[in-house]
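Spelled out from the first residue to the last, the chains are:
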Amino acid sequence: MSEALLALEAGTGAQAPAPASGARQFWRRLRAQRAALVAAAVVALLVLVALAAPLLTAIEGQDPSTYHPDLIDSGRGGVPIGSFGGISAEHWLGVEPQTGRDLFARLVYGARVSLGVALGATVVQVLLGVGVGIAAGLGNRWVDQVLSRATDVIVSMPLMVLSLALMAIVPSGFPRPVLVALVIGLVAWGSTAKIVRAQTITLKELDYVAAARLSGWSTWRIARRELLPGLAAPVITYAALLVPMNITVEAALSFLGVGVKPPTASWGQMLTSADVWYQAAPQYLLLPAGALFVTVLALTVLGDGVRAALDPRAASRLRIGTGRKREGKA
């Protein structure tokens, strides 16, 4: 409950009940969804693998950039020597065609880039979207019109085409993963802003916001103390669903050759090089594609679980592991 509303109630002698712990209720609802818990475990494992990439490759004794020409058959066009793409005790997932670089090392380092770019882009989208959405929702009619039309322009622009244009004009010396995250975030914040604006317009009509206005609070203080807590649930829910979307965008940009550049490893960049090797060395294509599929699926299921836990009135879209209770017999 709002501090301003509590102050008004205290002035009239009304006794307000103590609010229940929202975090405790959220974790209880999330734990009831088995699929969301499994997805959270998978995401945590992927993040751990990405963070521990130097340690894991040190244990294997390889790195993602060293060439091993002795492990490829130049007479067959650079196909790895040995069965299953050159899998051995020294190379746990085999080696890359033509270069002989270790696939396990490139896969775990690629997880760092793909997840890092997706999370960075999501942070940029959320910060811009929340700022513009709150300003539009709380501003006067002219401010709302200007910001809403600017948001509509951003939303209507094709993401991939605009990203390709921006990536082409930036100097090559700029760190590519940072650039990809910034471009995705700067191009795709419009949907977040529209959601936040709609929620802000709804929230500012509620009693506790009106009480804050009557108390003489400034617009900034109302936004910070009253609106942001109410916006947390929809923003967190949407951000959880933005991460897998941004992973696929990064992979698409790298696949088109304007994303992360070699020798930096990313799953999308690996797919770019693997599209001609699906018959001679299928594991080179299947490993990054499988990692992308598992990551996007886990993040999507987790995002749906977070949405259902934050908004228990809405049924889960996936209907996986929600544990719907059967109605008791009359």
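Predicted model only: the values in this text are computed from it and were never measured.

Analysis parameters
- Residues numbered from 1 in each chain as written.
- Predicted model: local features only at pLDDT ≥ 70, side-chain atom pairs only at ≥ 80, totals over all residues.
- Heavy atoms only, no water.
- Salt bridge = Lys/Arg side-chain N within 4 Å of Asp/Glu carboxyl O.
- Helix = DSSP H or I, 4+ residues; strand = E, 2+ residues; numbered from the N terminus.
- Buried < 20%, exposed > 50% of the residue type's maximum accessible area, 1.4 Å probe, protein only.
- Phe/Tyr/Trp six-rings, centres within 6.5 Å; stacked < 30°, edge-to-face > 60°.
- Lys NZ or Arg CZ within 6 Å of the ring centre and 35° of its normal.

Draft legend 1. Representation of the pattern of salt bridges within the structure. What the rule picks out here adds up to 5 salt bridges. A salt bridge links Glu96 to Arg106, with the nearest nitrogen and oxygen atoms 3.6 Å apart. Here Arg106 lies in helix α5 (residues 103–138) and Glu96 lies in the loop between β2 (79–80) and α5, a separation of 10 residues in the sequence. In terms of burial, Glu96 and Arg106 fall into one category: buried. A salt bridge links Lys194 to Asp152, with the shortest nitrogen-to-oxygen separation between them at 2.9 Å. In this pair, Lys194 is assigned in helix α9 (residues 190–203) and Asp152 in helix α6 (residues 141–156), connecting sequence segments 42 residues apart. Linked by salt bridges that have partners in common, Glu96, Arg101 and Arg106 make up one network.

Draft legend 2. Structural view of the packing of aromatic side chains. What the rule picks out here adds up to 1 aromatic pair. Ring geometry for Trp92 against Phe104: centres 5.0 Å apart, planes inclined by 55 degrees, an arrangement best described as tilted. Of the two residues, Trp92 is situated in the loop between β2 and α5 and Phe104 in helix α5; the sequence distance between them amounts to 12 residues. A relative accessible area of 13% means that Phe104 is categorised as buried. A cation over a ring is seen here: Arg141 above Trp142, with NZ or CZ 4.8 Å from the ring centre.

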